[in-house]
Amino acid sequence: MTPNEIMIGLVPNLGNEYYSISASPNNLDAPVSKSLLWAFNKSPYKWINGKKMEVTDRMNFGSLVHALCLTPKTVEEQFVLSQYDDFRTKEAREWRDATVLEGKTIIKEADWQRADEIKETVMESNYIMGLGACDYEVAAFGKIGNTLIKGMIDILPHRGDTLVDLKVTSAIGDVKDMQRLCMNFGYHWQAALYLDLVNGLSEQEPRTKFEFLFIEDQYPYEYAIIRLSDDFINLGRAGYMNAVAKWQQAVSTRKFSPIHDGVLELEPPAWA
């Protein structure tokens with residue numbers, strides 16, 4: 001799918017194709033995501049010149065949990081259980097390399113079992129049951145000015161005014177920990193952007209709330225439901241809209257400047 005073929009709207013069951021149609025230093029006209037805007041906003045220079053982000057085992061584990069919970073029919077297309085405990089032998093390495101060439105992610109047995117247990121905890125929770133009928137992994141494509149915007153809605157309930165996102169984390173912590181997590185990873189940007197996309201693309205009643213289902217990746221898989229306040233979402237909206245404006249300026253001028261462009265004059269710190 002190319003940017004010219006994208007239908008502005010909500011697209012269920014798009015699958016991995018969603019991730020293949022994303023803006024890059026070599027394709028600035030493709031849709032931008034919250035993750036891209038977050039990285040770009042930190043430093044346009046680093047984004048345009050930096051290396052592609054490497055996928056870690058933790059990221060692969062989180063993707064497996066998402067697939068098991070939200071799109072179980074696609075699991076076998078994306079993931080394969082490892083036939084080997086390690087890849088020290090030539091045979092094991094050849095199998096690994098051939099599997100990767102097929103586009104599949106290799107998961108160790110212990111990790112797969114852990115992901116299965118998390119799936120049961122999530123999907124059998126009173127929270128998920130209380131949402132009723134839902135659509136899962138719904139791709140949303142919109143436009144701000146000349147910029148294509150995209151987002152992947154994890155859980156889109158058929159009724160109510162809430163959108164839900166599933167996050168696998170190492171530790172939930174206290175309220176301040178959750179505040180810091182949302183700020184550090186731009187989850188408030190995500191909440192605002194996804195609400196704006198869905199409300200702009202759907203003819204249903206507006207969605208006004210965004211909740212995160214955080215679940216820990218170690219037994220006993222404690223989870224917490226976090227709802228961002230209106231003030232938090234408004235802060236996220238201001239952040240992502242400012243980043244979109246910066247993106248549009250950079251794309252139109254083809255100038256991706258360092259975060260500190262020009263001469264920066266420093267005053268002594270307050271404590272001095």
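Residues numbered from 1 in each chain as written. Predicted model: local features only at pLDDT ≥ 70, side-chain atom pairs only at ≥ 80, totals over all residues. Heavy atoms only, no water.

Comments concerning the layout of surface pockets
When its volume is computed, the second largest pocket comes out at roughly 190 Å³. Of all the elements in the fold, those that place two or more residues in the lining of the second largest pocket are β5 (147-157) and α11 (230-253). Of the residues assigned to the lining of the second largest pocket, the class counts are five nonpolar, four polar and two charged. (1 Å grid on protein atoms, 1.4 Å probe; cavity = no way out; pocket = protein on both sides within 12 Å on 5 of 7 lines; lining within 4 Å. Points joined across faces, edges and corners; volume = space filled by probe spheres on them. Helix = DSSP H or I, 4+ residues; strand = E, 2+ residues; numbered from the N terminus. Nonpolar A, V, L, I, M, F, W, Y, C, P; charged D, E, K, R; others polar.)

Quick look at the pattern of salt bridges
Tallied over the entire structure, the rule returns 11 salt bridges. A salt bridge links Arg 96 to Asp 97; its shortest N-O distance comes to 3.1 Å. When its relative accessible area of 27% is taken as the criterion, Arg 96 is described as partly exposed. A relative accessible area of 39% means that Asp 97 is categorised as partly exposed. In this structure, the salt-bridge partner of Lys 255 is Asp 261, at a minimum N-O distance of 3.7 Å. Its relative accessible area of 51% is what places Lys 255 among the exposed residues. With a relative accessible area of 49%, Asp 261 lands in the partly exposed category. (Salt bridge = Lys/Arg side-chain N within 4 Å of Asp/Glu carboxyl O. Buried < 20%, exposed > 50% of the residue type's maximum accessible area, 1.4 Å probe, protein only.)

A few points about the packing of helix α2 (residues 34-42) against α11
One way to put it is that α2 packs onto α11 with a least axis distance of 10 Å and a crossing angle of 70 degrees. Between α2 and α11, the interaxial angle falls into the category roughly perpendicular. Where α2 approaches α11, its residues Leu 36, Leu 37, Phe 40 and Asn 41 are matched on the opposing element by Tyr 240, Asn 242, Ala 243, Val 244, Lys 246, Trp 247 and Ala 250. Per-class residue counts for the contact of α2 with α11 are eight nonpolar, two polar and one charged. (Axes fitted to C-alpha atoms, helices over the stretch in contact; angles between N-to-C directions. Parallel < 35°, antiparallel > 145°, perpendicular 65-115°, else oblique. Contact = heavy atoms within 4.5 Å.)

Quick word on the pairing of strand β4 (residues 134-144)
Where strand β1 (residues 9-12) and β4 come together, four bridges link them in antiparallel fashion. Bridging across to β4, Gly 9 finds its partner in Phe 141. Looking at chain direction, β4 and β5 are connected through 10 bridges and run antiparallel. Among the inter-strand pairings, Asp 135 is bridged to a residue of β5, identified as Leu 156. Hairpin connection from β4 to β5: two residues lie between these consecutive antiparallel strands, with Gly 145 at a positive phi of about 60 degrees. (Pairing = 2+ DSSP bridges.)

A short note on the packing of aromatic side chains
One pass over the full model with this rule turns up 18 aromatic pairs. When the ring of Tyr 194 is compared with that of Phe 210, the centres are 6.2 Å apart and the planes differ by 65 degrees; the resulting orientation is edge-to-face. A residue pair is termed long-range when its members are at least 10 positions apart, and Tyr 194 in helix α10 (residues 187-201) and Phe 210 in strand β7 (residues 209-216) qualify at 16 residues. Connected via pairs of aromatic rings, a cluster forms that spans Phe 185, Tyr 187, Tyr 194, Phe 210, Phe 212 and Phe 214. The lysine or arginine in question, Arg 114, covers the ring of Phe 61, its NZ or CZ lying 4.1 Å from the ring centre. Directly above the aromatic system of Tyr 18 lies the positively charged group of Lys 150, at a separation of 4.0 Å from the ring centroid. (Phe/Tyr/Trp six-rings, centres within 6.5 Å; stacked < 30°, edge-to-face > 60°. Lys NZ or Arg CZ within 6 Å of the ring centre and 35° of its normal.)

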